[in-house]
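Residue-level structure breakdown
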Amino acid sequence: MKIFNSKSEYGLLAKLFHWVTFIVLIAQVPFGFYLVGLEFSDERIELENIHILIGITVFYLTLFRLIWKFFNPSPSETRSFFKGQVFIGKANHFLLYLSIFTITISGILKKLYMGETLSFIFFKYGFEKDNFVLADAYYQVHIYANYLLLALVSLHILAVIIHHFVFKDKILKKIT
Ligand code: HEM
Ligand code: HEM
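Residues numbered from 1 in each chain as written. Chains lettered and ligands numbered in written order. Predicted model: local features only at pLDDT ≥ 70, side-chain atom pairs only at ≥ 80, totals over all residues.

**Some remarks on the overall build of the protein chain**
- A count of helices and strands for the protein chain gives 5 helices and 2 strands.
- Viewed in the frame of its principal axes, the protein chain has a C-alpha envelope of about 50 × 30 × 25 Å.
- Taken across its 176 residues, the protein chain has 11% of its residues classed as buried.
- Contacts spanning at least 24 positions in sequence make up 64% of the contacts within the protein chain whose residues lie at least 6 apart. (Helix = DSSP H or I, 4+ residues; strand = E, 2+ residues; numbered from the N terminus. Buried ≥ 20, exposed ≤ 12 C-beta atoms within 10 Å, placed from the backbone. Contact = placed C-beta atoms within 7 Å.)

**Describing the site of ligand 2**
- In the vicinity of ligand 2 there are 25 residues, among which Gly32, Val36, Gly55, Val58 and Gly107 approach most closely.
- Breaking the shell around ligand 2 down by element, the ones donating at least two residues are α1 (12–36), α2 (42–71), α3 (85–113) and α4 (132–167).
- The residue inventory of the shell around ligand 2, partitioned by class, reads 13 nonpolar, 8 polar and 4 charged. (Near = placed C-beta within 6 Å. Nonpolar A, V, L, I, M, F, W, Y, C, P; charged D, E, K, R; others polar.)

**Focus on the environment of phenylalanine 17**
- Within the secondary structure, phenylalanine 17 is located in helix α1.
- Residue phenylalanine 17 is classed as partly exposed on the basis of its C-beta count, with 18 C-beta atoms lying within 10 Å.
- Once the C-alpha coordinates of phenylalanine 17 and alanine 159 are considered, the two residues, 142 residues apart in sequence, prove to be 20 Å apart.
- Leaving out residues up to four positions away in the same chain, phenylalanine 17 has contacts with Leu61, Arg65 and Trp68.

**Some points on the site of ligand 1**
- The environment of ligand 1 is made up of 20 residues, and the closest members are Leu25, Ser74, His93, Leu96 and Ile175.
- Of all elements in the fold, only α1, α3, α4 and α5 (172–175) reach the threshold of two or more residues within the shell around ligand 1.
- The class makeup of the residues in the shell around ligand 1 is 11 nonpolar, 7 polar and 2 charged.

**Considering α4**
- The end-to-end C-alpha separation of α4 is 51 Å, in line with the 52 Å expected for 36 residues at 1.5 Å each.
- Three or more residues of α4 are buried, namely Tyr138, His142, Ala145, Asn146, Leu152 and His163.
- Where α4 is buried, its residues meet α1 and α3. (Expected span 1.5 Å × (residues − 1).)

**Considering the packing of α1 against α2**
- Across the interface, α1 lies against α2 with an axial gap of 10 Å and an inter-helix angle of 155 degrees. Judged by the inter-axis angle, α1 sits roughly antiparallel to α2. The two elements α1 and α2 cross, and the hand of that crossing is left-handed. From α1, Leu13, Ala14, Phe17, Val20, Thr21, Val24, Gln28, Phe31, Gly32 and Leu35 reach across to α2, where they touch Arg44, Leu47, Glu48, His51, Ile54, Gly55, Val58, Leu61, Thr62, Arg65 and Trp68. (Axes fitted to C-alpha atoms, helices over the stretch in contact; angles between N-to-C directions. Parallel < 35°, antiparallel > 145°, perpendicular 65-115°, else oblique. Left-handed = near helix turned anticlockwise from the far one by under 90°.)

**A few points about the packing of α3 against α4**
- Interaxial distance between α3 and α4 falls to 8 Å at its minimum, and their mutual angle equals 155 degrees. Relative to α4, the element α3 lies roughly antiparallel. Viewed along their axes, α3 and α4 form a crossing whose handedness is left-handed.
- Tallied by class, residues from the contact of α3 with α4 come to 17 nonpolar, 8 polar and 1 charged.

**Remarks on unusual backbone geometry**
- Residues other than glycine seldom take positive phi values, yet isoleucine 121 does so here, at roughly 70 degrees.
- Counting through the fold element by element, isoleucine 121 comes out in the loop between β1 (118–119) and β2 (124–125).
- Isoleucine 121 gets classed as exposed once you count the C-beta atoms within 10 Å, which come to 11.

**A few points about the environment of phenylalanine 132**
- Relative to the helices and strands, phenylalanine 132 is located in helix α4.
- For phenylalanine 132, a count of 10 C-beta atoms within 10 Å puts it in the exposed group.
- Put simply, phenylalanine 132 and valine 58 are 74 residues apart on the chain and 25 Å apart in space, counted from C-alpha to C-alpha.

If you want it as structure tokens, here you go:
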């Protein structure tokens, strides 16, 4: 299997980025919702730290994925079944990337405005002063961006099902 994308199929690295992100996200979203329902305790702090570490890893992963995509464009070959189809697909992909960045960056800003120092794996960073109003605003963004992600992923999967069963254009072969 080739590491680079071709005109008709994603390469190994793009496939790995896609499926690793998928597996991490299907765990991380419910994990976040579970976390907020827990009583305040040492265990909750521990779990929140794990949530943050996974979240920051997703941020780096998406950043590297986009850098890779910039140097190695996605497969361009797509059969169109109706006008605007390619645009809708691209818009869905763009918004998926945007929602992942919005979730991770708003989570980071929430914690930084709480006055906490965060480990960004390669370095640590914290703001000098806290601002609880902004912290809460970014947390609201964090929550709504998660709902947006869920809606976009549902559309994404629905599109794949339609491609596979209605258009029968073997779209899954591109990414598996
Ligand atoms: C968390 C869930 C998922 C996210 C965030 C996600 C995200 C993405 C993104 C951003 C792309 C565009 C890649 C690029 O060219 O830059 C993509 C492509 C694709 N995804 Fe997903 N995906 C998810 C789940 C799935 C699932 C479950 C399936 C299969 C059922 C799937 C099938 C595909 C296919 C077939 C493509 C290629 C589409 C094309 O090139 O026309 N994805 N995905
Ligand atoms: C892809 C990455 C991430 C996903 C999918 C995600 C998802 C979620 C979800 C669904 C919630 C529950 C929201 C609610 O209903 O109130 C949550 C809570 C939270 N998230 Fe994230 N998150 C991610 C990354 C991050 C990052 C990078 C940070 C911080 C650096 C962060 C910090 C938090 C905090 C502090 C909470 C509240 C937990 C608590 O109250 O104990 N998240 N997250």
